[in-house]
Amino acid sequence: MNPAFHLLIAVAFLSDAQAQDVKRDIPYAEPAHERQVLDVYSPQNAKNLPVVFWIHGGGWQTGDKASVQMKPQVFMDKGFVFVSTNYRLLPPPSPPPTLGEGRVGVPSVDMATIVRDIAKSIRWVHDHIAEHGGDPNRLFIMGHSAGAQLAALICTDDRYLKAEGLSLAITKGCVPVDGDTYDVPAIIETAETRRRVHGQPQPKFGHREKFGNDPAKHRDFSAVTHVAKDKGIPPFLILYVAEHPDTSAQAQRLDNVLKDAGVPVTLFGAKETTHSRINANLGLPDDPATKALFEFLGKALKK
């Protein structure tokens, strides 16, 4: 679909938009790194509304909370408070990573740092979102690509929220969008085997390295590792690109594990789209994934 058409649709949404309150660059840690900030979008006079907590993608190395397209307005129009968070990023593979905490060879930011940032951001939302018209006990955790992995992990590995004095009980739903790392060892084996059989060089900073170059860490950062019965894991809607072999396989893998644990889960494969477009189109009135999303949210809020 033409990007200009997306812009016209977004402008149409904004022209009809209800009054809103937007607060940007709110620090969620003390002291806060420049990336430890979030934005809150609230309908005017909002009170006790459910909250969408959005985690951007970008391979854990790039991306920004401002890249939300029409999502804030669409969710506000549906009666939600919308939060978009930043988090610290992995260092680039070159030049060598900044050394941290006086330990030689230890990068200043690793995957655990990022997940802890997400948990801290959720803690801020829980403690302060009522001031912006949101209900701290009705959070929907969502994210695209790298953000999908983080959303799924934070909603299955409850250690991160527990470290912030919270529990999974505050999460009413999880919506990972087209992630390929719900099972990190599987995607590493898939990607590296594909490159090997085709005679292609392995990436210098691929999934193996990003997740710590340690099989134990690869398992620990996989949402599928932490799924268990009677753990309080919220219902899941897994959105993915139907024609993409890796994200399809990962979506189905997470779906099967959640079902085996008795966790309510809906799997939706979007057709004739791409990894970028499934995210950009969320909110369009004729978008099938958007329809599936709001059906899921409606059911979750009735429980």
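These figures come from a predicted structure and were not determined experimentally.

A. Spotlight on the packing of aromatic side chains. Per the counting criterion, the structure on display carries seven aromatic pairs. Where Phe75 meets Phe80, the ring centres are 5.8 Å apart and the plane angle is 85°; that geometry is what we call edge-to-face. Like Phe75, the residue Phe80 is buried in the burial classification. Ring geometry for Phe80 against Phe140: centres 6.3 Å apart, planes inclined by 75°, an arrangement best described as edge-to-face. On the criterion of sequence distance, the pair formed by Phe80 in the loop between helix H2 (71-77) and strand S4 (81-85) and Phe140 in strand S7 (residues 134-144) is long-range, its members being 60 residues apart. Judged by relative accessible area, Phe80 falls into the buried class, the value being 3%. For the cation-ring pair, Lys78 lies above Phe294, with the distance from its terminal atom to the ring centre recorded as 5.1 Å.

B. Quick look at the environment of Val224. Relative to the assigned elements, Val224 resides in helix H9 (residues 223-226). Each C-alpha atom of the pair Val224 and Leu254 lies 6.0 Å from the other, and the pair is 30 residues apart in sequence. Not counting residues up to four positions away in its chain, the partners in contact with Val224 are Tyr182, Asp183, Arg253, Leu254 and Val257.

C. Main features of the state of the cysteines. Applying the stated rule across the entire model yields zero disulfides. Note on Cys155: no disulfide assigned, nearest cysteine sulfur contributed by Cys174 at a separation of 3.6 Å. Given a relative accessible area of 0%, Cys174 falls into the buried group.

D. Structural context of the nonpolar core. In this structure, Ile122, Ile154 and Phe236 are the most contacted members of the largest nonpolar core, which totals 61 residues. The element best represented in this core is helix H3 (residues 111-128), accounting for nine residues. If we skip the residues at most four places from it in the chain, Phe236 touches Ala152, Cys155, Thr156, Cys174, Pro176, Leu254, Leu258, Pro264, Val265, Thr266 and Phe296. Counting residues in hydrophobic clusters, the runner-up holds 27 residues, among them Met76, Leu239, Ile278 and Leu293.

E. Representation of the side chain of Ser222 in the model. Turning to its location among the elements, Ser222 is positioned in the loop between helix H8 (215-220) and H9. The contact partners of Ser222, leaving out residues within four places of it in the chain, are Leu153, Tyr182, Asp183, Val184 and Pro185.

F. View of the packing of H3 against helix H4 (residues 146-154). In the contact formed by H3 and H4, the axes pass within 11 Å of each other and the chain directions differ by 70°. Between H3 and H4, the angle falls in the class roughly perpendicular. Where H3 crosses over H4, the two elements pack in a sense that is right-handed. Here Met111, Ile114, Val115, Ile118, Ala119 and Ile122 of H3 lie close against H4, whose contacting residues are Gln149, Leu150, Leu153 and Ile154.

Rules used throughout
Residues numbered from 1 in each chain as written. Predicted model: local features only at pLDDT ≥ 70, side-chain atom pairs only at ≥ 80, totals over all residues. Heavy atoms only, no water. Phe/Tyr/Trp six-rings, centres within 6.5 Å; stacked < 30°, edge-to-face > 60°. Buried < 20%, exposed > 50% of the residue type's maximum accessible area, 1.4 Å probe, protein only. Helix = DSSP H or I, 4+ residues; strand = E, 2+ residues; numbered from the N terminus. Lys NZ or Arg CZ within 6 Å of the ring centre and 35° of its normal. Contact = heavy atoms within 4.5 Å. Disulfide = S-S within 2.5 Å. Core = buried A, V, L, I, M, F, W, Y, C linked by side-chain atoms within 4.5 Å. Axes fitted to C-alpha atoms, helices over the stretch in contact; angles between N-to-C directions. Parallel < 35°, antiparallel > 145°, perpendicular 65-115°, else oblique. Left-handed = near helix turned anticlockwise from the far one by under 90°.

That is the geometry; function is a separate question.
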